[in-house]
Amino acid sequence: MVGSCQSCDSCANSLENYCPTWIHAYGAKYHDGTTTYGGYSDIMVADEHFVVRIPDSLPLDGAAPLLCAGITTYSPLRYFGLDKPGMHVGVVGLGGLGHIAVKFAKAMGVKVTVISTSPNKEEEAIQHLGADSFLVSRDQDQMQAAMGTMDGIIDTVSATHPLLPFIGLLKSHGKLVMVGAPDKPPELPVLPLLMGRKMVAGSATGGMKETQEMIDFAGKHNITADIEVIPIDYLNTAMERLAKADVRYRFVIDIGNTLRSS
C-alpha cells in the first residue's frame, strides 16, 4: 500500500492495511488522482509514512516479495500468538506465501508441518526450507495420524478447498488462519469448531509499523524470498508460467537494469 486516510481508528492503531480508504500500490487512485503502478513504475514519490527501510543485510531483489508475501504471513503468526518456541504450526500450500511462512515460523522457533496436495514437494519443504514434517492432504492415513496435534495453521491456498480436514488437525483452542482468498465461499462446519473452541480467522497484509518490524526480523534472521529475477520484456512469458504455477516462488522484475539497457 502507498496511502491511507491516517485519521480512522485503524490508522490510529498502526493498522493502515484495514483503513476503509487505503490505497493499493498498484491499480488504484492516489490522493492526487494519478494511477498507482507499483512494481511497474520507473519512479515513485511516496509519503514517508509508507516507506519501509530495507536492512543493509538483505538483497533488494530477495527482500522485495517480503513487502507482500512476507508481511501477509508474518502478521498472523504474531497476532494470533503462533510465534512461541515449541508450538506446532501447519502451513497449507507451499508456494509464494507458504514458503515464506515456513521460514518465518522456523526463525521464531516453531515446529512446522507443511500440508500439501503434492507429494513431490516433501523434499523441498524439509531439505530446502527446513520444515519439520510434511503431510499429503489427500492421504487419509497421514491426516488421521496428525489429528489434534497443531496449535495453529496458516492456510495460504487461494483455490477453493475444504476446511474440515484442517480443523481436525488443530488442538483444542487451535486457530486456522486464512491468508489465501478462494473465489468461492468455503463450507464451514460449525460442530468441529464447538468441540474444541477452535477458530477460523482471516488476515490481510499488515500495517506500516508491523511491516518494518517484519523486515527487520527478516534482516536479523537472513530471510529472503526464493525468487527468479526477470527483465521487463519477459513479463508476458512470466505471467503464462505463473498461471501454470511454474515459478519457485516469486518473479521479481529487474526494473533498474531493464531501464538502463533500453
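Look above for the structure.
Notes on the structure in this doc start here. (Residues numbered from 1 in each chain as written. Predicted model: local features only at pLDDT ≥ 70, side-chain atom pairs only at ≥ 80, totals over all residues. Heavy atoms only, no water.)

## Observations concerning the overall build of the protein
Alright, step 1. Helix and strand counts for the protein come out as eleven helices and ten strands.
Alright, step 2. Whereas a compact globule of 262 residues would reach a radius of gyration of roughly 18 Å, the protein reaches 19 Å, a difference of no more than 12%.
Alright, step 3. In terms of overall dimensions, the protein has a C-alpha envelope of 55 × 40 × 35 Å along the principal axes.
Alright, step 4. Across the 262 residues that make up the protein, the buried fraction comes to 46%.
Alright, step 5. By sequence separation, contacts in the protein at least 24 residues apart represent 57% of the contacts at least 6 residues apart.
Alright, step 6. Roughly 13900 Å² of accessible area belongs to the protein as shown, and the carbon and sulfur atoms make up 54% of that amount.
Alright, step 7. Averaging the coordinates of the 21 positive side-chain charges in the protein and doing the same for the 28 negative ones gives two points 6 Å apart. (Helix = DSSP H or I, 4+ residues; strand = E, 2+ residues; numbered from the N terminus. Rg over C-alpha atoms; globule rule 2.2 N^0.38 Å. Buried < 20%, exposed > 50% of the residue type's maximum accessible area, 1.4 Å probe, protein only. Contact = heavy atoms within 4.5 Å. Areas by Shrake-Rupley, 256 points an atom, 1.4 Å probe, with all protein chains shown as cover. Lys, Arg positive; Asp, Glu negative; His and termini not counted. Charge placed at Lys NZ, Arg CZ, Asp CG, Glu CD.)

## Focus: helix H4 (residues 98–107)
Alright, step 1. With eight of its ten residues buried, H4 lies for the most part within the structure.
Alright, step 2. Residues Gly 98, His 99, Ile 100, Ala 101, Val 102, Lys 103, Phe 104 and Ala 105 constitute the buried set of H4.

## Some points on the side chain of Asp 151
Alright, step 1. Structurally, Asp 151 can be placed in strand S6 (residues 150–155).
Alright, step 2. At 3.4 Å, the side chain of Asp 151 and the side chain of Lys 171 are in polar contact.
Alright, step 3. Not counting residues up to four positions away in its chain, the partners in contact with Asp 151 are Leu 82, Met 87, His 88, Leu 170, Lys 171, Gly 174 and Lys 175. (Polar contact = N/O pair within 3.5 Å; in protein donor to acceptor, adjacent residues only side chain to side chain.)

## Notes on a nonpolar patch on the surface
Alright, step 1. Together, Tyr 26, Tyr 37, Tyr 40, Met 239 and Leu 242 make up a nonpolar patch on the protein surface, roughly 550 Å² of accessible area in all.
Alright, step 2. Note on placement: Met 239 falls in helix H10 (residues 235–243).
Alright, step 3. On the basis of relative accessibility, which here comes to 45%, the residue Met 239 falls in the partly exposed class. (Patch = residues over 30% accessible without salt bridge, like charges linked within 9 Å, V, L, I, M, F, W, Y side chains within 5 Å. Salt bridge = Lys/Arg side-chain N within 4 Å of Asp/Glu carboxyl O.)

## Details of the sheet that holds strand S5 (residues 133–136)
Alright, step 1. Strands sit in the order S5-S4-S3-S6-S7-S8 across an open sheet of six strands; the sheet is parallel. Two strands close off the open sheet at either side, each with one partner strand: S5 and strand S8 (199–202). Ignoring strand direction, the axes of neighbouring strands in this sheet form an average angle of 20 degrees.
Alright, step 2. Relative to S8, strand S7 (residues 170–178) runs parallel, the two being bridged by four bridges. Bridging across to S8, Leu 176 finds its partner in Val 200.
Alright, step 3. Seen against the sheet, H4 touches strand S3 (88–92) and strand S4 (111–116) and runs at an angle of roughly 165 degrees to S4. (Pairing = 2+ DSSP bridges. Axes fitted to C-alpha atoms, helices over the stretch in contact; angles between N-to-C directions.)

## Quick look at H10
Alright, step 1. Residues Leu 235, Ala 238 and Arg 241 constitute the buried set of H10. The buried residues of H10 occupy one face: seen down the axis, they fall within an arc of 115 degrees. Summarising the geometry of H10, the exposed residues directed more than 90 degrees from the buried face are Asn 236, Glu 240 and Ala 243.
Alright, step 2. Of the surrounding elements, those touching the buried residues of H10 are strand S9 (227–230) and strand S10 (250–253).
Alright, step 3. Looking at the residues trailing H10, positive phi occurs at Ala 245, about 60 degrees. (Arc of directions from axis to C-beta.)

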